[in-house]
Amino acid sequence: MNKEMAVRGGSGNILEAKVGTRPQDNLYLAVNSEWLEKAKIPSDRSRIASFDKIDLTIEKNLMKDFADFADGKKEMPNVPNFDKAVELYKIARDFNKRNREGAEPIKADLATLENIRDFDDWVLKAADIDKIAGVPFGFYVDADMKNTKVNALHFAGPGTFLPDTTTYQTDSASQLLDTLKKQSVKLLTMAGVDKDQAEKYADLAIKYDAKIAKVVKSTEEWADYPATYNPMSVTDFENKITAFKMDYFLKEKLDEVPERVIITEPRFLDHFDDLINKDNFEEIKAWMIVNFINNNASLLSQDFREAAFPFKQALSGQPELSMGEKQAYNLVDSTFSEVVGVYYGRKYFGEDAKKDVLDMIHRMLDVYEKRINDNTWLSEATKKKAIVKLRALILKVGYPDKIEEIYDRLKVIPASEGGSLYSNERAARLQREKYMFEKLHKPVDRTVWLMAGNLVNACYDPQRNDLTFPAAILQAPFYDIKQTRAQNFGGIGTVIAHEVSHAFDNNGAQFDEFGNMVNWWTDEDYAEFKKRTQAEIDLFDGIQYGPVKLNGKQIVSENIADQGGLTAAVEAAKSEGDDMKELFENFARVWANKQLEASIKTQVSIDVHAPGPERANVQSQCQEEFYKAFDVKEGDGMWLDPDKRVTIW
């Protein structure tokens, strides 16, 4: 089979529906063409997919619930801190008040930024300025990769205006930055800044952003998770920085400065003095102001929301701004995510479904253990270590039993007491930062969930060695107690095994059962694993997907997980005598996706996942049972030569 046929994952344009397509030629189109013809992308979204279809239903139900709670039509549920979430919703949806206030809520903070006199003044005030706009570097607290019982301070560079550093090399970069410039000037003038000064800020900010983009990591580089672990003594770290008083900043920011800091971006640290110095002060100041106005405009009046939309629209292609009540719900869902998730889980997620899914998880773990034992390229020593890690996995299904402490600390000041949407969101952000930095002096809490119950997703955390399956994803087409077992294996079964496989992908494979970065492989086994990982990179690298090509290295960890997930689900279904056609058809169904071209460009530049249609086809092409189920022969669009098929787990 030639490369062009292989990279398309089947014959024909995978983005265009073609009813009547044979699964032997293109599984994804055979299953989804009818849906693709009928599906309509909502005007306030840039795509519609299986994930989004579920999310839209959840959003609709929870928007109705929040409106009823706010209007007193429903009794408040017995969920801790839910009353705060409803109060914030009331403030967010009160557009009469938001429109009356205009830019008033942000004026004091904007004035603080504008009144920074010079570099020395900024250095002394940087810790306080960071609470308003964010300085061009950052710190966060997370588990130490080599001792996950304790938390560590981590240092990173700033984000860029465009989605990824690679976006700056595209033909659309100048147009996107021009859109951002015009948007920034308009927002600043609406907030009371003189137009000439606003244009100066925008020009200087974009100039500084270009310098940042040459130094910070790309998405591909961030995808190498272990490479972010570069411990350094705080003394050595501070000594690498000359113009900025980092020792003073840290003392202002932290109650107690630790002895070590983990450098996640060594290249950025090496260029810190080049970026942050007296010569660049005006650019730094402008960069913070432009970030501030663009990041907070949506918390103001409807006029500000509309003025802040063009750049997002240029990146995503989204035709229209979402309505105000939808924004109100989404803001609350972001600020009180776990609270909303627990409410959703308790109301909409059944215990029968949870029991059945837990049974399937244990079934997939059993299959995984068998596959490891039967593995032909691993030594017995590595197999034993892998099984220890597998059996140490912590399972989190549905929603947490307790809500994290941070939500007890969040306060919402009602509008009647002078609270605005901006002031409440600002206070919540600062409280989260304070809570995060306090973790430096506490052991890692392994009971914390990384995802809320109403999120249509799932995840594996290598530093906690745990799996999280929120209630929201446990429904059709991924899971339905009324679906056949084969369909559920093709849906949630592959999702479960996908997350398990992350424990053994190119990143996860470098962590042990406790989440510590430890080499538990023999040299020979790891060399073979790297060889197979490269084959997975090569399998996807250069695939033409709509207007862009895929970067195999950037998406390899997710592709390894997809490969292991589908293989384990096929094995489980096969052992139960299930219909393999049903499994592969539902596997293709869960990746149904219709997306605007601008959104595709942005997604492919920043996402570590392959696009859904390619996940469906290319991974199926590597499964022997797929060829048997559909009688795929050489010459068919889905045929992939045996020596090109990738098997890892």
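Residues numbered from 1 in each chain as written. Predicted model: local features only at pLDDT ≥ 70, side-chain atom pairs only at ≥ 80, totals over all residues. Heavy atoms only, no water.

An unreviewed UniProt entry annotates the protein as M13 family metallopeptidase of Candidatus Lactobacillus pullistercoris. Quoted straight from UniProt, the Cofactor (unreviewed entry) entry for the protein says "Zn(2+)". (UniProt positions renumbered as here; feature names shortened; annotations may be inferred.)

**Digging into the overall build of the protein**
When helices and strands are counted, the protein shows 30 helices and 11 strands. Relative to its length of 649 residues, the protein is compact, with a C-alpha radius of gyration of 25 Å against a globular reference of 26 Å. Each principal axis of the C-alpha atoms in the protein carries an extent, and together these give about 70 × 60 × 50 Å. The buried share of the protein, taken over its 649 residues, is 57%. For the protein, contacts bridging at least 24 residues in sequence account for 75% of all contacts bridging at least 6. About 27,200 Å² of surface is accessible on the protein, with carbon and sulfur atoms providing 48% of the total. The average position of the 86 basic charges and that of the 107 acidic charges among the side chains of the protein differ by 2 Å. (Helix = DSSP H or I, 4+ residues; strand = E, 2+ residues; numbered from the N terminus. Rg over C-alpha atoms; globule rule 2.2 N^0.38 Å. Buried < 20%, exposed > 50% of the residue type's maximum accessible area, 1.4 Å probe, protein only. Contact = heavy atoms within 4.5 Å. Areas by Shrake-Rupley, 256 points an atom, 1.4 Å probe, with all protein chains shown as cover. Lys, Arg positive; Asp, Glu negative; His and termini not counted. Charge placed at Lys NZ, Arg CZ, Asp CG, Glu CD.)

**Some thoughts on the packing of aromatic side chains**
Pairs of aromatic rings are described using the distance from one ring centre to the other and the angle between the two planes. Across all of its chains, the model carries 43 aromatic pairs by this definition. Ring centres of phenylalanine 626 and phenylalanine 630 lie 5.3 Å apart, and the angle between their planes is 50°; this geometry places the pair in the tilted category. Residue phenylalanine 626 and its partner phenylalanine 630 are located together in helix H30 (residues 624-630), separated by four residues, close to a single helical turn. Taken as a pair, phenylalanine 626 and phenylalanine 630 share a single burial class, namely buried. Here a set of aromatic residues connected by ring pairs shows up, and it is made of Phe119, Trp122, Phe137, Phe139, Phe155, Phe237, Phe244, Phe249, Phe268 and Phe272. (Phe/Tyr/Trp six-rings, centres within 6.5 Å; stacked < 30°, edge-to-face > 60°.)

**Here we look at the nonpolar core**
Counting residues in each nonpolar core, the largest one holds 198 residues, and the members touching the most others are Trp122, Phe137, Phe139 and Phe244. Not counting the four nearest positions on each side in its chain, phenylalanine 137 is found in contact with Phe155, Ala156, Gly157, Pro158, Phe244, Met246, Phe249, Phe268, Phe272 and Ile276. Counting residues in hydrophobic clusters, the runner-up holds six residues, among them Ala152, Ile262, Phe511 and Met517. (Core = buried A, V, L, I, M, F, W, Y, C linked by side-chain atoms within 4.5 Å.)

**Observations regarding unusual backbone geometry**
For the peptide bond that leads from alanine 476 to proline 477, omega is 5°, which places it in the cis range. By secondary structure assignment, the location of proline 477 is in the loop between strand S8 (466-470) and helix H24 (485-501). Even without being a glycine, asparagine 81 presents a positive backbone phi close to 70°. Summarising the element assignment, asparagine 81 is placed in the loop between helix H3 (50-70) and helix H4 (82-93).

**Digging into the UniProt feature "domain: Peptidase M13 C-terminal" (unreviewed entry) in the protein**
The residues that UniProt annotates with the feature "domain: Peptidase M13 C-terminal" (unreviewed entry) are residues 457-646. What you have in residues 457-646 is 48% helix and 8% strand, and the ends, taken at the C-alpha atoms, are 25 Å apart.

**Section: the UniProt feature "domain: Peptidase M13 N-terminal" (unreviewed entry) in the protein**
The sites that carry the UniProt feature "domain: Peptidase M13 N-terminal" (unreviewed entry) are, in the present numbering, residues 23-400. End-to-end, the C-alpha atoms of residues 23-400 are 40 Å apart, and along that stretch the chain is 60% helix and 8% strand.

**A few points about the sheet that holds S8**
In space, the three strands of this open sheet follow the order S6-S8-S7, with mixed pairing throughout. Sheet topology places strand S6 (394-398) and strand S7 (459-461) at the edges, where each strand pairs with a single neighbour. Pairs of neighbouring strands in the sheet enclose a mean axial angle of 15°, with direction left out of account. Examined bridge by bridge, S7 and S8 share three bridges and lie antiparallel to one another. Its bridge partner lying in S8, aspartate 461 is registered against aspartate 466. (Pairing = 2+ DSSP bridges. Axes fitted to C-alpha atoms, helices over the stretch in contact; angles between N-to-C directions.)

**Comments concerning the pairing of strand S3 (residues 147-156)**
Buried residues dominate S3, accounting for seven of its 10 residues. Summarising the sheet, strand S2 (residues 138-144) and S3 pair through seven bridges and their orientation is antiparallel. Its bridge partner being in S3, aspartate 144 is matched across the sheet by asparagine 147. Here S2 hands over to S3 after two residues, the two strands then running antiparallel side by side. Across two bridges, S3 lies against strand S5 (residues 260-263) in parallel orientation. In the sheet register, phenylalanine 155 faces S5, and the bridge partner there is isoleucine 263.

**Considerations on the pattern of salt bridges**
This model, assessed by the stated rule, comprises 50 salt bridges. Across the pair aspartate 144 and arginine 260 runs a salt bridge whose closest N-O atoms are separated by 2.2 Å. Residue aspartate 144 is found in strand S2, and its partner arginine 260 is found in strand S5; the two are separated by 116 residues along the sequence. A salt bridge links glutamate 576 to arginine 485; its shortest N-O distance comes to 3.6 Å. Placement of glutamate 576 in the loop between helix H26 (556-575) and helix H27 (580-589) and of arginine 485 in helix H24 is noted, with a sequence separation of 91 residues between them. (Salt bridge = Lys/Arg side-chain N within 4 Å of Asp/Glu carboxyl O.)

**Brief notes about the sheet that holds S2**
Spatial strand order, S2-S3-S5-S4: four strands in an open sheet with mixed pairing. Edge strands, defined here as strands with exactly one partner in the open sheet, are S2 and strand S4 (231-233). Taken pair by pair, the neighbouring strands of this sheet meet at an average axis angle of 40°, ignoring direction. Where S4 lies against S5, three bridges are found, and the strand directions are antiparallel. Its bridge partner lying in S5, serine 233 is registered against arginine 260.

**What to know about the packing of H24 against H26**
The relative placement of two packed helices is expressed as an angle between their axes plus a distance between the axes. Two elements in contact, H24 and H26, have axes whose closest approach is 7 Å; the angle formed by their N-to-C orientations is 130°. One finds that H24 runs oblique with respect to H26. Remark: the crossing between H24 and H26 carries right-handed chirality. On H26, the residues touching Phe489, Gly493, Thr494, Ala497, His498 and Ser501 of H24 are Glu558, Ile560, Ala561, Asp562, Gly564, Gly565, Leu566, Ala568, Ala569, Ala572 and Ala573. Residues that form the contact of H24 with H26 fall into these classes: nine nonpolar, six polar and two charged. (Parallel < 35°, antiparallel > 145°, perpendicular 65-115°, else oblique. Left-handed = near helix turned anticlockwise from the far one by under 90°. Nonpolar A, V, L, I, M, F, W, Y, C, P; charged D, E, K, R; others polar.)

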